[in-house]
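Here is what each chain is made of, one letter per residue.
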Amino acid sequence: MTQTALILGASGRFGRAAAAAFERAGWQVKRFQRGTETLSQVAVGVDVIVNSWNPAYPDWAKQVPSLHRQVIRVAEMSGATVILPGNVYVFGPQTPFPWSEQSPHAAQNPLGRIRVEMEAAYRASKAQVIVLRSGDYLDTEASGNWFDAMITAKLGKGKFIYPGRADIPHAWGYLPDKARAAVGLAEKRAELPRFVDVPFAGYTLTGHELLAAINAHLHQPAKLNQMSWLPLQLARPFWPLGRCLLEMRYLWDTPHSLSGDLLQQLLPDFQVTPVAQALPHCLPEALLTPQTGRGLKAEGSGGLAA
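Residue indices begin from 1 for each chain and proceed along its sequence in written order. For this predicted model, a pLDDT threshold of at least 70 governs which residues receive local features, and a threshold of 80 or more governs which side-chain atom pairs are given and counted, while totals over whole chains, interfaces and linings are taken from all residues. The side-chain quantities take in all heavy atoms of the structure and omit both hydrogens and water.

Draft legend 1. Up close: helix H7 (residues 207-215). Among the residues of H7, Gly207, Leu210, Leu211, Ala213, Ile214 and Asn215 are the ones counted as buried. The contact definition used throughout considers only heavy atoms, calling two residues in contact when any of these lie within 4.5 Å. The helix count covers DSSP runs of H or I at least four residues long, the strand count covers runs of E at least two residues long, and both are numbered beginning at the N terminus. Buried residues belonging to H7 abut helix H5 (146-151), strand E7 (159-162), strand E8 (170-174), strand E10 (203-205) and strand E11 (223-226). Per-residue accessibility, obtained with a 1.4 Å probe over protein chains only, is compared with the maximum for each type, and a residue is labelled buried under 20%, exposed over 50%, and partly exposed between these values.

Draft legend 2. Geometry of the pattern of salt bridges. Take a side-chain nitrogen of Lys or Arg and a carboxyl oxygen of Asp or Glu: if they are within 4 Å of each other, that pair is a salt bridge. Enumeration according to the criterion identifies 10 salt bridges in this entry. Among the salt bridges present, the one from glutamate 141 reaches arginine 16, with a minimum N-O distance of 3.7 Å. Here the residue glutamate 141 occupies a position in the loop between strand E6 (136-138) and H5, and arginine 16 occupies one in helix H1 (residues 13-24), the gap between them amounting to 125 residues. Of the charged contacts in the structure, one is a salt bridge between aspartate 167 and arginine 165, with a shortest N-O distance of 3.1 Å. It is possible to trace a salt-bridge network through shared partners that takes in Arg16, Asp139 and Glu141.

Draft legend 3. Focus on the environment of leucine 267. Mapped onto the fold, leucine 267 is located in the loop between helix H11 (261-266) and helix H12 (275-278). Along the backbone, leucine 267 and glycine 184 are 83 residues apart, and their C-alpha atoms lie at a distance of 7.0 Å. The contact partners of leucine 267, leaving out residues within four places of it in the chain, are Ala181, Gly184, Leu185 and Lys188.

Draft legend 4. Quick peek at the packing of aromatic side chains. Only Phe, Tyr and Trp rings take part, Trp by its six-membered ring, and two of them pair if their centres are within 6.5 Å. Stacked means planes under 30 degrees apart, edge-to-face means over 60, and tilted covers everything else. Evaluated as defined, the whole model comprises 13 aromatic pairs. Their ring planes at 75° and their centres at 4.9 Å tell us that phenylalanine 22 and tryptophan 27 sit as a pair that is edge-to-face. Think of it as a cone above the ring: NZ of Lys or CZ of Arg counts as a charge over the ring if it is within 6 Å of the ring centre and within 35 degrees of the ring normal. Looking at arginine 34, its charged tip hangs above the ring of tryptophan 53, at a distance of 4.9 Å from the centre. Its guanidinium or amino end placed over the ring of phenylalanine 14, lysine 178 lies 5.3 Å from that ring's centre, counting from NZ or CZ.

Draft legend 5. Spatial organisation of the pairing of strand E4 (residues 81-86). Counting buried residues along E4, 6 of its 6 residues qualify, which places the element largely inside the surrounding structure. Across the two faces of E4 the burial is the same, with Thr81, Ile83 and Pro85 and Val82, Leu84 and Gly86 all buried. Regarding the hand of the β-α-β motif, the stretch spanning strand E3 (residues 48-51), helix H3 (residues 60-78) and E4 is right-handed. Here, strands pair whenever DSSP counts at least two bridges between them. The sheet contact formed by E4 and strand E5 (residues 129-133) spans 5 bridges and is parallel. From the neighbouring strand, isoleucine 83 faces E5, where its bridge partner is isoleucine 130. Crossovers are described as right-handed under a simple rule: with the strands pointing away from the observer, the path leading from the first strand over the helix to the second runs clockwise.

Below, the structure is given as structure tokens:
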């Protein structure tokens, strides 16, 4: 029997990847249309709700609690399982790593506290909830994340611009892999607890290691340049997004990684795409070596993560 997944925020990063992954796995996928559809009506009969709604940082305080209360209410009424793409914002800079499902949610900054309270509301609900938590995204499309908007934005000029300490580990999640993991967990939902927090380890790389992995695919190797936070500091009084980015700066200066133990227990056959194979799909093809470029064309858009 065909199962149905309702994707909220299907045009966003995780929503787009999740919709593609569920379709490849044979699920019927509904993409919710905000403004023209009613969630309580569209959710009737669906098996899984993938909640990828993610307002802009400055709107979190106003929008996040009400959006997620709506999803919780609908999931409780419909019996659908909610899959929530979690992040590392809930952890404080003093939390020992690797961060796992047992790590305390010790964030004290405003954005971190919003995520802590949001996840606590899901935990306290009657709905079945799967939190799939990863670090920063490696996306197959330019989507305005740290990787494509800052770190690799000037690779064509030979610059790899890193926002923090390049000698400490940082957690990354390749979106097609995380979406495949979401499908695997959705298909095992009957065996899972009502609430489960599943870290997605992805890749743990220092800035130097990430640069070396990228340079292996480039015509012209890039050199490390340290990002200056001064423009954000100067813009902070009159640019709300800049203030929010500065608030999360600690994640670039805090060594961290995510434990993959629980996901391995739940999905023992799951394997991430090797980083050397994933990275070319996250970089402009014009910058890649001929060998890498031919590999991209041969693999196609979904070959590595199908």
